[in-house]
Structure formats: C-alpha cells, structure tokens
Amino acid sequence: MCGIVGYTGHVQAAPVLMDGLERLEYRGYDSAGICVSDGDAAHPLKALRVKGRLSALREASENGKAVPGLSGIGHTRWATHGEPTVENAHPHLSGGKVAVVHNGIIENYAELRVKLQGRGYVFESETDTETIAHLLHYYDHGDPVDAIVRTVMHLKGSFALGILFEERPGEVYGIRRDSPLIAATSPEGSFIASDVPAILPWTRNVAYLENMEIVRLSPEGITFFNLDGEPIEKEFTTVSWDVEAAEKGGYAHFMLKEIHEQPKAMEDTIRPHIRDGRIVMDELGMSDDEIRGIRHIQMAACGSAWHVCMTAKYIMERMARIPVDVDLASEFRYRDPVLEEGTMLMVVSQSGETADSLAALRYGKQQGMLSLAIVNVVGSSIAREADRVFYTAAGPEIAVATTKAYSTQLAACVMLALHFGRIRGVVDDDTYAAHVEALLKMPEQIREILRGEARMQWLAGKYANTRDAFFIGRGLDYASVLEGALKLKEISYIHAEAYAAGELKHGTISLIEKGSMVLAVATQKDLMEKEVSNMVEVRARGGTLLALTMEGNYDMEDQADFTIYVPRTEDVLYPNLVVVPLQLLAYYVSLSRGIDVDKPRNLAKSVTVE
Ligand code: M6R
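Residues numbered from 1 in each chain as written. Predicted model: local features only at pLDDT ≥ 70, side-chain atom pairs only at ≥ 80, totals over all residues. Heavy atoms only, no water.

1. With respect to a negative patch on the surface
Next, step 1: Side chains of Glu 83, Glu 87, Glu 124 and Glu 126 sit close together on the surface and give a patch of like negative charge.
Next, step 2: When you line up the elements, Glu 126 lands in the loop between helix H3 (109-118) and helix H4 (129-139).
Next, step 3: You can call Glu 126 partly exposed: its relative accessible area is 46%. (Patch = residues over 30% accessible without salt bridge, like charges linked within 9 Å, V, L, I, M, F, W, Y side chains within 5 Å. Areas by Shrake-Rupley, 256 points an atom, 1.4 Å probe, with all protein chains shown as cover. Salt bridge = Lys/Arg side-chain N within 4 Å of Asp/Glu carboxyl O. Lys, Arg positive; Asp, Glu negative; His and termini not counted. Charge placed at Lys NZ, Arg CZ, Asp CG, Glu CD. Helix = DSSP H or I, 4+ residues; strand = E, 2+ residues; numbered from the N terminus. Buried < 20%, exposed > 50% of the residue type's maximum accessible area, 1.4 Å probe, protein only.)

2. Here's the deal with the site of the ligand
Next, step 1: Among the 13 residues in the neighbourhood of the ligand, the closest are listed as Ser 349, Gln 350, Ser 351, Thr 354 and Glu 490.
Next, step 2: For the ligand, an oxygen atom lies 3.0 Å from a polar atom in the side chain of Lys 487.
Next, step 3: Burial of the ligand by the protein chains amounts to 90% of its free accessible area of 410 Å².
Next, step 4: Mapped by element, the contributors of at least two residues to the shell around the ligand are helix H10 (303-320) and helix H17 (476-492).
Next, step 5: Looking at the shell around the ligand element by element, the count peaks at three residues for H10.
Next, step 6: A class-by-class count of the residues in the shell around the ligand yields four nonpolar, seven polar and two charged. (Near = heavy atom within 4 Å. Polar contact = N/O pair within 3.5 Å; in protein donor to acceptor, adjacent residues only side chain to side chain. Nonpolar A, V, L, I, M, F, W, Y, C, P; charged D, E, K, R; others polar.)

3. Topic: the sheet that holds strand E20 (residues 343-349)
Next, step 1: Strand order in the open sheet formed by five strands is E19-E18-E20-E21-E22, with parallel pairing between adjacent strands. Edge positions in the open sheet fall to strand E19 (324-328) and strand E22 (388-391), since each of these has one partner strand only. With direction set aside, neighbouring strand axes in the sheet form an average angle of 20°.
Next, step 2: Where strand E18 (residues 296-301) and E20 come together, five bridges link them in parallel fashion. Bridge pairing in E20 links Ala 300 to Val 347. (Pairing = 2+ DSSP bridges. Axes fitted to C-alpha atoms, helices over the stretch in contact; angles between N-to-C directions.)

4. What about a positive patch on the surface?
Next, step 1: On the surface, a cluster of positive charge is made up of Lys 115, Arg 119, Lys 156 and Arg 275.
Next, step 2: Assignment of secondary structure puts Arg 119 in the loop between H3 and H4.

5. Quick notes on the sheet that holds strand E6 (residues 98-103)
Next, step 1: Spatially, E5-E6-E7-E8-E12-E13-E14 is the arrangement adopted by the seven strands of the open sheet, whose pairing is antiparallel. Two strands lie at the open edges of the sheet, namely strand E5 (92-94) and strand E14 (231-232), each paired on one side alone.

6. What to know about the nonpolar core
Next, step 1: Ile 297, Phe 420 and Phe 471 are the most contacted members of the largest nonpolar core, which has 145 residues in total.
Next, step 2: Sequence-distant contacts of Phe 420, that is, excluding residues within four places in its chain, are made with Met 286, Ile 291, Ile 294, Ile 297, Met 316, Ala 320, Ile 322, Met 344 and Leu 372.
Next, step 3: Residues Tyr 139, Ala 147, Val 152 and Leu 161 belong to the second largest nonpolar core, which totals 28 residues. (Core = buried A, V, L, I, M, F, W, Y, C linked by side-chain atoms within 4.5 Å. Contact = heavy atoms within 4.5 Å.)

So, to be careful, I would describe these as geometric facts and stop short of saying anything about function.
Put into structure tokens, the structure is as follows:
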C-alpha cells in the first residue's frame, strides 16, 4: 500500500526521504509528500505535498533545497479515504505542532472526527489520517511517547505511523499495529520505513517493530518503547536481500506476495464495514428506500471481475432475492438490453479504468440507471463516474493476474447482498448473524489455507505438463471454476476450460480421455450428490480427478485421485476460500513451466482500450 520513510542524521533529510520513497514506488501511489524539521527556525515543521508522481515533489522542493533540515518524514499515498488530491496527501499537520504519515485504515475515523471537531479542530482533508494528527496534538503535553500511547488507544484499525513533533527537533517517532514498520541504523543516521527497499542504499541493519512498539530516532541513536513508555531492547538483523527481492518482500513474484496479502486485504475490506455484528454501508450513501426500490440488478465487468459478478448473481439472488443479470462489459451495450425501471447497474473493476467496464457504466447512466461500482483504485474513472462506490481495500495490485483484488471484490458482494437482504427483510436474523460471523473468520481461514501451500506446490509440479485442464462445478462452484480456469490459462498457457458440471455430458465429455486433468470444486451441500455423479462420469472416461472441497467431506477421497480441503464456512462464502488453492495451483504450474508469472505474454494489467 502506501510508503513511509523517516530519517534523522547528519545529512539533509529531504533528498534522503525522496530517494527512499522512490524505492517504494513499486507499491503504487497517487500522491506524495514530505515534512522536514528545521530545528533553528521559528516554525520548524515544513511540509510539501503533491498529487501525482515523486518527480513533481522533487520539482516542488527544488530537489529538497526548499525544505532544509536534518530530520523528517515522507509518504507515498495510495488513496483509501478521499480522492488523490494535495489536501488528502500526507503528511497531515495539526496546528503546525505535529506532523504524521500513516499507512493502514482507521475504522472509527468518522466518529473520532466528530469528537475532534467538537474540541475545535478544523479538518482540511477527507482522510482518516488527519484525525491521528489532531489526536496527537490534543495529547501532546511535552512527552511524545505519552502522546502517542494516548492517541493509539483511541484508534480502531491498522496503522504504521511516522511522526514529528515541533518541539522535538531531530527526533522522529514511529509506531505500528497490523501495518509493517521497520527501523534501521547507519553511520549517516537512523531511519524508519514501511519496507526494506527504502533503506537499502544506507544500511542493511534493521529491526522489525512488533505491534504496538514505539520507536524514537534521534541524533544519539534509536530507542524502542513499550506501551508503558518503558525502553525495550530489540534485536537488529542483517538483510541479505537485493533490491528486487526486497521490493517483493522476499517473495519470488508479486503474484505470490499478493496471494499472501489476501488475509490482510480481506480484513481491511471487511472490518471497517462491520460494527456490533451489523454490516454498515454509510459510505455507500444509499438510503433504505433506495435499496428497497431496486427491482433488478444488471452487472457488467471484464475477466476476473466478470467472474465476481457471476458469483455475486448467485449470492445476491439467494440473500437479497433481487433478480440479477450478468453481462461481459464488452457485450453489454451492444446487445440493446431491455432495462426496466428500478434496474441498478453494478460495475466491478480493480483498476477502475477498464475501457469496456467504463463504457458499460456510461451506457447504463445514459439509460437512466442508478449505478454502483465496486472499485479498488480510489479516484479512478469508474469510481468518479458511478453514482455509488464501494471501495475494496486490497491495496495496489501489481501482478497481471488478479488475486487479492478478486477476493476483496467477492467479500464486497457478500456484504452488499447481506445488507440489501436485511433492509429488504428477506434475510432472517440468525442467517444474517451467522454470515457476519463467518465473514469475520475468513481472513484467518485464508491464512490456514496458505499454510498448506507446499501441498499445492507439489500438486502443481505433478500436473505442470498437462495439455488440457477442465474445471467443473455446480452453482456457486461453477462461478469459482471460471476463475480457476482463467488463472491457470493466463499464467501457465495451458488450455483450460470451465464447465458447469451438469453440462459436461451435453458435449464436452467427449474431450475427456486418459490423462485429462479435471478439477472439480464441490462445496455446495445441496448440489453435492449431483456433482459427485458428474465426477464419477469423468473418472469413468479416464480423466485424472482432483477434488477441492470442504473439511469433513472425506467421502470425496473415494471418488478423486487427489483431494484438497478448505475450512468449513457458510455456502456463499466458499468462493472466497476455494479461490486460494486455485491461485496457488496456477502460480506454481506457471513457475514450473518457467513463465514470467507477473507479466504473462500478451497481457496488460489494465486494459484501457476496447
Ligand atoms: O481492472 P479490472 O478489474 O477492470 O480488470 C478486469 C480484467 O482485465 C482483469 O480482471 C483480468 O481478467 C485479470 N488479469 C485476470 O487475472
């Protein structure tokens, strides 16, 4: 996500900060800023913020000369709250006394904002981070560690912070919870950073902060504190990675890194929308009457996002009893669709810039439809043009093959379906509560699946030379296999097809021969028997059968050559779990075949042409 750098030492801080931020560029960002403390001046905290690239920050700061000083903090922002603008860029200051940069999401920022406004604080941005700056200012009575402790006690959500206090020239503070932060030391000074590449030109000597540990950088060195304000000892380790490996956090590819980021991305997408057992969709700005007035949903998207729509159709119809149609965005506006009054258009897009999805949105709006977009990139064209927006919090996705954006889009659809279902009075309290609980468990369940990665790697090695692969499933599992087949073909170049299991015998089964790989996803209780019959048909024709099912469904081993299990959950949530082994399978098959996993041939991350 965003990048943080902090420095204090013997050389000018601004160039050090900007150089560090450039080394974090791979994380993606839409605006940037620095704040430098010039200990001698009357108002020592000097901040500069720009929208866009770091080159603009270099220009605005005359390569750092315009903001002299030996300590400072810097940030590259990936927008989550508020569009990418100068006002929303970090650092955020409070009363010129405190400056803060932040990675993560403050879930209770709206409520904190109101409280702080009541205490006379005036907000200049739409960000959650500005609440932190004002809280620090409010609690600053000359003891920075105490102010930090008191502030973080009020924060719900995740954060890594870099902080400057006007009255503490030469000092930089940091703290983290669920967002990474490291501290590093070199003969030229000391650093904090959100990721190792930022500090590699200076040092390889780093300490990894644990949750709720505080760090103070000063000209004398680095000190760590616990929440009681007591100094603590921390071990420094030597980083052996080169810059490229460091950018990927030690993973071989961005795709693998992003697969592993899914628990966090899911947490960041789900948690802010669940309060006291209720799904809260305030930011969507849809009134209950508007939700009750929806008579039909038309969905449009491309590629994996279209698979999300296919999954959402089942979930929305089941949980909210709203009829849903799904179109490929590239087809939608050309088929002269019949769009009756009360139809809401839903567009799903990671980038928010996919040309066909944007055109589908514009077409729907021209037809007078209310539009709702599920988008990952804040301030993207689709986000700006849709009437209502749900932002996923996957963070920047760099690998061409989508993984964490897909998962968070699915989670968004489940939450919307439950929310709509409750307001329309079609989902009962027990079902609602059980699904909310299951949603909250999902990040940990994904972690559990990831712990079984070695098994998927072994399996991938076995089937890396398969010529044809078939993915089958029924109901929601059919929607999941669409994504499983696409993942495999786009990064391994193996011919793969997805079929609704019941459809096989209407033609495709003639393709199954000895050695064909067939992967069956079977998680839907009501369809289990029927799906098992389809699997038996495949096996009888000599296909090698892999089954992906839920723990406890051990009879599956009687049918399949190899069985993969995911933890048990509610039926509509299985797509979010089964996709993880499917991603790992595709990743390791691609790796075995020596393909550039992150940049498969002929593909671009964002398709901005029709
Ligand atoms: O940015 P979008 O979500 O609109 O992109 C849509 C598709 O291009 C995208 O999902 C594509 O299919 C992925 N590369 C699949 O992994």
